[in-house]
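Okay, here's what each chain looks like letter by letter:
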Amino acid sequence: MILGLRTAIYPAPDLAAAKKWYATVLEQEPYFDEPFYVGFSVGGFELGLLPDAQPGTIGPQPLWGVANIESAYARLLTLGATALEPVADVGGGIKVAAVQDPFSNRLGMIENPHFNLNAVR
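Residues numbered from 1 in each chain as written. Predicted model: local features only at pLDDT ≥ 70, side-chain atom pairs only at ≥ 80, totals over all residues. Heavy atoms only, no water.

(A) Spotlight on the nonpolar core. Membership of the largest hydrophobic core comes to 26 residues, with the highest contact counts inside it found for Y22 and L49. Of all the elements in the fold, those that place two or more residues in this core are β1 (7-11), α1 (15-26), β3 (37-42), β4 (45-50), α2 (69-78), β7 (94-100) and β8 (106-111). (Core = buried A, V, L, I, M, F, W, Y, C linked by side-chain atoms within 4.5 Å. Buried < 20%, exposed > 50% of the residue type's maximum accessible area, 1.4 Å probe, protein only. Helix = DSSP H or I, 4+ residues; strand = E, 2+ residues; numbered from the N terminus.)

(B) Layout of unusual backbone geometry. Positive phi is not limited to glycine here, since E27 has a value of about 55°. In this fold, E27 is placed in the loop between α1 and β2 (32-34). Note on E27: relative accessible area 64%, which makes it exposed. A positive phi angle, near 80°, is found at S104, a position not held by glycine. Take S104: it is sitting in the loop between β7 and β8.

What follows is the structure in C-alpha cells.
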C-alpha cells in the first residue's frame with residue numbers, strides 16, 4: 001500500500017554544484033551526504049540528489065509546499081533557476097508554479113491552504 005510522498009529524487013550530474021545550490025535554496029545542509037547520493041530533509045520528506053541520472057523536466061512532477069508561492073518563485077529565479085510555469089491559481093486558494101533548476105530539472109511548488117500537516121505519516 002502506498003503511504004504517501006517520502007522522497008523526490010533529482011538528477012545531479014554535478015553533485016557538488018547541485019548540493020551547494022539546494023543547500024542555499026533550502027537554507028540547510030544535507031542530512032545524508034555521500035558521493036553516490038545527497039539527501040535533504042524538507043518538512044518530513046526528502047529531496048534527494050542522484051549523480052548518475054539524466055536531468056529533465058518531464059516525468060514525475062512532485063510539488064514542494066511553500067508558504068508564499070510568489071516570493072518563493074521570485075527567490076528561486078534570483079538564485080539561478082529559470083521560469084517554467086508561472087504562478088497560477090488553480091482554485092480553492094491553491095496556487096502552483098514550477099522552475100527549472102540550474103541542472104535542468106523541474107522543481108514544482110504548491111501553496112495549498114488545505115494541506116494537513118497532521119495527516120503526514
